[in-house]
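Residue strings, one per chain:
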Amino acid sequence: MSDKTFDVVVVGSCMTDLVSQAPRLPKAGETIRGHKFFIGFGGKGANQCIQAARLGVKTAMICKVGKDFFGDNYIQNFKDNDVHTDFVWQTSDAATGAASITVNDAGENAIVIVAGANMRLGEEELQQALTAIRKAKVLVCQLEISSQTSLRALQMAHDNKVRTIFNPAPAVPDLDFGFYRVSDVFCCNESEAELLTGYSVNNVEDAHHAAQELLRRGCTAVIITLGPQGCVVLKAQDKTSTHVPSTAVKAVDTTGAGDSFIGALAFYLAHHPDMPLEEMARRANQVAAVSVQAVGTQTSFPFKRDLPADLF
Ligand SMILES: Nc1ncnc2c1ncn2[C@@H]1O[C@H](COP(=O)(O)OP(=O)(O)O)[C@@H](O)[C@H]1O
Ligand SMILES: *[C@@H]1O[C@H](CO)[C@@H](O)[C@H](O)[C@H]1NC(C)=O
């Protein structure tokens, strides 16, 4: 067992992205011509972990990939980004997760995900990584792995007073209420907030209402991200939520913007634990705004050296 300690530990997914750029998204049954294809590294868990690592904290990833070419490549990608890989397992029972992504000229996307090896991460692996989870400053989870595994990881962290960020993505309408009780920061986007609460969430005002409902379910704080509008932050100790606007930028590709935001949030929570959550959100908006100005997912995530010093 490793005795190393980490600032940010992510329990989540790894996906190989197969990305096509086309003038528009195809309709059902339609074949259209794209103008560019590339293979990239994705998966919400890995994305968030790599964004945190690029900002300069010690990170470890707890995940499972296939014993295949994409899995080997992914482990190298973690190493290249200074992410600790002792808890990246390889299985011959399933392929490395894959996502087929189409991006149109407006920067919108359509995605098909095959989770594969991600669904094989379970209790056994969490037990093997228990020391790293217990000693982490921040633990981050999403829903691209088995939801049982996510919930267990959050519970293990919560029981050990490790601050938790839960990103309920992709959202499910009947999310186990246990998730709320173990989330220090419950962070989702508009469509996820809508699915979880049943409210329609189309603007800042709607987001304030949805945040109140999510908070009532037992988390310590809620953040709803709003694309170019930034986000709304609501803490249990406050009565009202705060809109934290983003700066206007020209978006080229918003794939992974939410992951850049959450990775940055994990960084601030670990690096500046006493900073007000609104200020962390303001800075995470700025990090994510940089990511939408370049194509790709991880390829668009900024490093510390790319960002103004006052963000650190
Ligand atoms: N067009 C944009 N301009 C500036 N910031 C953006 C833009 N789109 C996204 N962001 C930033 O990325 C964050 C996450 O984006 P959002 O679209 O809400 O998430 P998701 O990627 O889950 O759809 C936002 O809170 C914001 O900080
Ligand atoms: C929210 O994130 C999901 C992925 O979990 C994505 O499919 C959806 O388009 C996003 N919604 C918005 C409004 O950005």
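Quick caveat: nothing in here was measured; it's all calculated off a predicted structure.

S.K.: Please explain the sheet that holds strand β7 (residues 98-103) as it appears in this structure.
M.R.: For sheets, the rule is that strands pair by backbone hydrogen bonds, running either parallel or antiparallel. With respect to topology, four strands assemble into an open sheet ordered β3-β2-β7-β8, the strand pairing being mixed. If you trace the sheet from one side to the other, it starts and ends with β3 (36-42) and β8 (109-114), each paired once. Averaged over all neighbouring strand pairs, the angle between strand axes comes to 20 degrees, with direction disregarded. Each of β2 (15-21) and β3 is contacted by helix α2 (residues 69-80), which is oriented at about 65 degrees to β3, the strand it contacts most.

S.K.: What should I look at first to understand the environment of Gly12 in this one?
M.R.: Locating Gly12 in the fold gives a position in the loop between β1 (8-11) and β2. For the pair Gly12 and Asn47, spaced 35 residues apart in sequence, the C-alpha separation works out to 9.5 Å. The contacts of Gly12, once residues within four sequence positions are left out, are Gly45, Met61, Ile62, Cys63, Asn118, Gln142 and Ile145.

S.K.: I tried to follow the UniProt feature "active site" (unreviewed entry) in the protein chain on my own but got confused; where do I start?
M.R.: This chain's UniProt record puts "active site" (unreviewed entry) on Asp259. Turning to its location among the elements, Asp259 is positioned in helix α9 (residues 257-271). Judged by relative accessible area, which is 7%, Asp259 ranks as buried. With residues up to four places along the chain from it excluded, the contact list for Asp259 reads Lys44, Asn47, Gln48, Gln51, Asn167 and Phe301.

S.K.: It is not clear to me how helix α10 (residues 277-291) should be interpreted in this structure. Could you clarify?
M.R.: Owing to its 3.6 residues per turn, the α-helix brings residues three or four apart onto one side. Between its terminal C-alpha atoms α10 stretches 21 Å, which fits the 21 Å expected from 15 residues at 1.5 Å a residue. Counting buried positions along α10 yields 11 of 15 residues, so the element is predominantly enclosed. Within the sequence span of α10, burial applies to Leu277, Glu278, Met280, Ala281, Arg283, Ala284, Asn285, Val287, Ala288, Ala289 and Ser291. Buried residues along α10 sit against α1 (44-55), β11 (185-189), β12 (221-225), β13 (231-235), β14 (242-244) and α9.

S.K.: Before we go on, may I ask you to explain α2 in this structure?
M.R.: For α2, built from 12 residues, the straight-helix expectation of 16 Å at 1.5 Å per residue is met to within 8% by its first-to-last C-alpha distance of 17 Å. Every buried residue belonging to α2 is among Gly71, Tyr74, Ile75, Asn77 and Phe78, and all of these are buried. For α2, the angular spread of the buried residues around the axis is 155 degrees, confining them to a single face. Turned more than 90 degrees off the buried face of α2, the exposed positions are Phe69 and Asp80. Packed against the buried residues of α2 are β2, β3, α1, β4 (59-66), β5 (83-84) and β6 (88-91). Once α2 finishes, Asp82 follows within two positions and takes phi at roughly 65 degrees, a positive value.

S.K.: Is there a simple way to explain the packing of aromatic side chains in this structure?
M.R.: The description of an aromatic ring pair rests on the distance of the ring centres and on the angle between the ring planes. Summed over the entire model, instances satisfying the criterion amount to 10 aromatic pairs. Relative to Phe179, the ring of Phe166 has its centre 4.6 Å away and its plane inclined at 15 degrees; by these criteria the two rings are stacked. Of the two residues, Phe166 sits in strand β10 (residues 163-166) while Phe179 sits in helix α6 (residues 178-181), which places them 13 residues apart along the sequence. Considered together, Phe166 and Phe179 belong to a single accessibility category, that of buried residues. In textbook terms, an aromatic cluster arises when at least three aromatic residues are bridged by ring pairs, as seen for Phe166, Phe177, Phe179, Tyr180 and Phe186. The lysine or arginine in question, Lys304, covers the ring of Phe312, its NZ or CZ lying 5.2 Å from the ring centre.

Reading the values: the criteria
Residues numbered from 1 in each chain as written. Chains lettered and ligands numbered in written order. Predicted model: local features only at pLDDT ≥ 70, side-chain atom pairs only at ≥ 80, totals over all residues. Heavy atoms only, no water. Pairing = 2+ DSSP bridges. Helix = DSSP H or I, 4+ residues; strand = E, 2+ residues; numbered from the N terminus. Axes fitted to C-alpha atoms, helices over the stretch in contact; angles between N-to-C directions. Contact = heavy atoms within 4.5 Å. UniProt positions renumbered as here; feature names shortened; annotations may be inferred. Buried < 20%, exposed > 50% of the residue type's maximum accessible area, 1.4 Å probe, protein only. Expected span 1.5 Å × (residues − 1). Arc of directions from axis to C-beta. Phe/Tyr/Trp six-rings, centres within 6.5 Å; stacked < 30°, edge-to-face > 60°. Lys NZ or Arg CZ within 6 Å of the ring centre and 35° of its normal.

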